[in-house]
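# Inside the fold
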Amino acid sequence: MAYSEKVMDHFANPRNVGEIENADGIGEVGNSKCGDIMKMYIKVENDIITDVKFKTFGCGAAIATSSMATEMIKGKSINDALKLTNKAVMEALDGLPPVKVHCSVLAEQAIKAAISDYYQKQGIDPEPFVGKVPHCDECGCH
Ligand code: FES
């Protein structure tokens, strides 16, 4: 299966790449399948994700899914962002080859990790909202 035009577009021109200084939440996750790492930064105001940026060592599919995922949560409430699944991101990109599905999980997990970090910084236990988020140092990939 070839990559869709949307995947190629987001891979060639990824949106929201970089870092946010003074981010309200930072999430870093590793992919247990390939060992690639993703870092996600969010800015939050009144429960709305006003800005989001990512950096990844992941492959083209990871870049494309993160680019799309960040576009999908920007301007949304934290609750809506938590509902975003890698499946929805893949659908928005018109699909991914089956061997690349694991790459799309990085974006979903990194968003959850960043929101979890945001809650922790507010002194709120994130687990009731976010559930258990695997931390980068737990995946054993490096
Ligand atoms: Fe690691 Fe795609 S192969 S993120």
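Preceding this paragraph is the structure being described.
Conventions and cut-offs
- Residues numbered from 1 in each chain as written.
- Predicted model: local features only at pLDDT ≥ 70, side-chain atom pairs only at ≥ 80, totals over all residues.
- Heavy atoms only, no water.
- Helix = DSSP H or I, 4+ residues; strand = E, 2+ residues; numbered from the N terminus.
- Buried < 20%, exposed > 50% of the residue type's maximum accessible area, 1.4 Å probe, protein only.
- Contact = heavy atoms within 4.5 Å.
- Axes fitted to C-alpha atoms, helices over the stretch in contact; angles between N-to-C directions.
- Left-handed = near helix turned anticlockwise from the far one by under 90°.
- Nonpolar A, V, L, I, M, F, W, Y, C, P; charged D, E, K, R; others polar.
- Phe/Tyr/Trp six-rings, centres within 6.5 Å; stacked < 30°, edge-to-face > 60°.

## A word on the side chain of threonine 70
- Tracing the backbone shows threonine 70 in helix H2 (residues 60-73).
- What makes threonine 70 buried here is its relative accessible area of 0%.
- Leaving out residues up to four positions away in the same chain, threonine 70 has contacts with Arg15, Asn16, Met40, Val52 and Phe54.

## Quick word on the packing of H2 against helix H5 (residues 101-121)
- One way to put it is that H2 packs onto H5 with a least axis distance of 8 Å and a crossing angle of 40°. Between H2 and H5 lies a crossing whose hand is right-handed. Residues Ala61, Ala62, Thr65, Ser66, Ala69 and Ile73 of H2 touch H5, and the partners they reach there are Cys103, Ser104, Leu106, Ala107 and Ile111.
- Across the contact of H2 with H5, the residue classes break down as 8 nonpolar, 3 polar and no charged.

## Regarding the packing of aromatic side chains
- For the coordinates displayed, the defined rule picks out 2 aromatic pairs.
- When the ring of tyrosine 118 is compared with that of tyrosine 119, the centres are 5.8 Å apart and the planes differ by 50°; the resulting orientation is tilted. Summarising the burial analysis for this pair, tyrosine 118 and tyrosine 119 share the class buried.
- Centre to centre, the rings of tyrosine 119 and phenylalanine 129 are 4.6 Å apart; their planes meet at 20°, and the pair counts as stacked. One end of the pair, tyrosine 119, is in helix H5; the other, phenylalanine 129, is in helix H6 (residues 127-130), with 10 residues separating them in the sequence.
- Look at tyrosine 119 and you get buried, because its relative accessible area is 9%.
- The class for phenylalanine 129 is partly exposed, based on a relative accessible area of 45%.
- Taken together through their ring pairs, the aromatic side chains of Tyr118, Tyr119 and Phe129 make up a single cluster.

## Overview of unusual backbone geometry
- Phi is positive for asparagine 22, close to 55°, though the residue is something other than glycine.
- In this structure, asparagine 22 sits in the loop between helix H1 (5-12) and strand S1 (25-30).
- The exposure class assigned to asparagine 22 is exposed, which follows from its relative accessible area of 62%.
- One non-glycine residue with positive phi stands out, namely aspartate 94, at about 65°.
- Secondary-structure assignment places aspartate 94 in the loop between helix H4 (86-92) and H5.

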